[in-house]
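The lines below spell out each chain.
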Amino acid sequence: MEQLTLPLTIEYILIDPFSKSLTLKEYTGIDDVKKDMEITSPLDVVRCPENQLIVVDDDGLLKNDQRYFKLDSYHQPLAGRAIFIGEDKEGEFASPIWTIDDLAEKISWMPEDTHVEPMMEFIGFHDMH
């Protein structure tokens, strides 16, 4: 007997520091994620505990009139709208383990006048160990 496999639905949580809201969404592709984040620039990934990821705007720190949020397990505020999503053993996106309520307990919204300066560090090849 042939076994039917249904398409796997992946969800993510949209983090919006402008409206200070968390919204559960269905992952339909990276283009829709960028539309939800209201960006066209490249993405960057912040690793969180339990194979969870926060996907942020790579140019977020360079934009004016930005809003920030802070995850309690990350060392600095993050800029702009972002998504919170899980990662499976193969490194592919998966639904997050944390619920919206779990994430709400771990996020704080930064004041509107918060500004984080971007920083780059160049490490020479001979300095790498």
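Residues numbered from 1 in each chain as written. Predicted model: local features only at pLDDT ≥ 70, side-chain atom pairs only at ≥ 80, totals over all residues. Heavy atoms only, no water.

Caption draft 1: Layout of the environment of Ser-95. Secondary-structure assignment places Ser-95 in the loop between β8 (93–94) and α2 (100–106). Measuring from C-alpha to C-alpha, the distance between Ser-95 and Tyr-27 comes to 8.7 Å, with 68 residues separating the pair along the chain. Dropping the residues within four chain positions of it, Ser-95 is found in contact with Thr-9, Ile-10, Glu-11 and Gly-86. At 2.9 Å, the side chain of Ser-95 forms a polar contact with the backbone nitrogen of Glu-11. (Helix = DSSP H or I, 4+ residues; strand = E, 2+ residues; numbered from the N terminus. Contact = heavy atoms within 4.5 Å. Polar contact = N/O pair within 3.5 Å; in protein donor to acceptor, adjacent residues only side chain to side chain.)

Caption draft 2: Broad picture of the sheet that holds strand β5 (residues 68–71). The strand order across the open sheet formed by three strands is β6-β5-β9, and the pairing between neighbours is antiparallel. The open sheet has two edge strands, β6 (78–79) and β9 (107–109), and neither has a second partner. Across two bridges, β5 lies against β6 in antiparallel orientation. For Tyr-68, the partnering residue across the bridge sits in β6 and is Ala-79. (Pairing = 2+ DSSP bridges.)

Caption draft 3: Quick peek at the pattern of salt bridges. Taken as a whole and assessed by the stated rule, the structure comprises eight salt bridges. Linking Lys-35 and Asp-32 is a salt bridge whose minimum nitrogen-to-oxygen distance equals 4.0 Å. Here Lys-35 and its partner Asp-32 are both found in helix α1 (residues 30–37), three residues apart, which amounts to about one turn of the helix. Judged by its relative accessible area of 32%, Asp-32 is partly exposed. A network of salt bridges, in which partner residues are shared, links Asp-16, Glu-38 and Arg-81. (Salt bridge = Lys/Arg side-chain N within 4 Å of Asp/Glu carboxyl O. Buried < 20%, exposed > 50% of the residue type's maximum accessible area, 1.4 Å probe, protein only.)

Keep in mind these numbers describe shape, not what the thing actually does.
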